[in-house]
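Descriptive analysis of the structure
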Amino acid sequence: MHGQLLPVLGGDPIPLLKTHLIVGRRERCDIVLDYPNISLQHAELEFRDGYWRVRDLSSGNGTKVNDEWVQEKILQPGDTVAFARYVFEIAYALDPALPPPPEQPDPFGRSLLEKAGIAGNNRGRSQRPSATRSAKPKSDTPPSESVSDDADE
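Before going into details, it helps to say that this report is about the structure given with it. (Residues numbered from 1 in each chain as written. Predicted model: local features only at pLDDT ≥ 70, side-chain atom pairs only at ≥ 80, totals over all residues. Heavy atoms only, no water.)

1. A short note on the pattern of salt bridges
Taken as a whole and judged by the stated rule, the model has three salt bridges. Linking Glu46 and Arg48 is a salt bridge whose minimum nitrogen-to-oxygen distance equals 3.4 Å. Overall, the relative accessible area of 24% leaves Glu46 in the partly exposed class. The partly exposed category is assigned to Arg48, whose relative accessible area is 34%. (Salt bridge = Lys/Arg side-chain N within 4 Å of Asp/Glu carboxyl O. Buried < 20%, exposed > 50% of the residue type's maximum accessible area, 1.4 Å probe, protein only.)

2. Notes on the packing of aromatic side chains
Each aromatic ring pair is summarised here by two numbers: the centre-to-centre distance and the angle between the ring planes. In total, this model carries four aromatic pairs according to the counting rule given. Here Phe47 and Tyr92 contribute two aromatic rings whose centre-to-centre distance is 6.1 Å and whose plane-to-plane angle is 90°, an arrangement assigned as edge-to-face. Of this pair, Phe47 sits in strand β5 (residues 43-48) while Tyr92 sits in the loop between β11 (86-91) and α1 (112-115), and the two are 45 residues apart along the sequence. Note on Tyr92: relative accessible area 9%, which makes it buried. Between the aromatic rings of Phe83 and Phe88, the centroid separation amounts to 6.0 Å while the plane-to-plane angle is 50°, which identifies the pairing as tilted. Per residue, the accessibility class of Phe83 equals that of Phe88, and both read buried. Counting every residue linked through ring pairs, the aromatic cluster contains Phe47, Trp52 and Tyr92. The cationic tip of Lys64 hangs over the ring face of Trp69; the distance from NZ or CZ to the ring centre is 4.5 Å. (Phe/Tyr/Trp six-rings, centres within 6.5 Å; stacked < 30°, edge-to-face > 60°. Helix = DSSP H or I, 4+ residues; strand = E, 2+ residues; numbered from the N terminus. Lys NZ or Arg CZ within 6 Å of the ring centre and 35° of its normal.)

3. Looking at the pairing of β5
Successive side chains on a regular strand alternate, one facing one side of the sheet and the next facing the other. Where strand β3 (residues 20-24) meets β5, four bridges bridge the pair, whose relative direction is antiparallel. Bridge assignment links Leu21 to a residue of β5, and that residue is Leu45. Bridge count for β5 against strand β6 (residues 51-56) is six bridges, and the pairing is antiparallel. Residue pairing across strands places Glu44 opposite Arg55, the latter belonging to β6. (Pairing = 2+ DSSP bridges.)

Quick look at the structure:
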């Protein structure tokens, strides 16, 4: 056993028997939470490099770690993980010989427009002219001559 999920509001612990688990409402899932607000395949739990990770599988009601919405997050022992509104505490032993997990960038820290390079900072920004600018075609005729102050000479 690689740890367990402890229901915060009481109930039987769920043993984490494999290193890769799917949580969802579908009977084929490794951890079945048969509630209407749980997606058929709600989230994935993976034990890798000595740490449990949770990844939301585009669920309808989301996944939270310690009351914060996440797409993917490394779980520390004692963290709470919520699938929709069903909250569990994860319990497992850390290997003291392992280094701490790498910092994960916040996937919601930047907007999709910033990630695409078209908003926020100018780094990586496309240099295309704005669609509101109109490009004038070049003309073979010279611009109209203007009157200059040199006309008296």
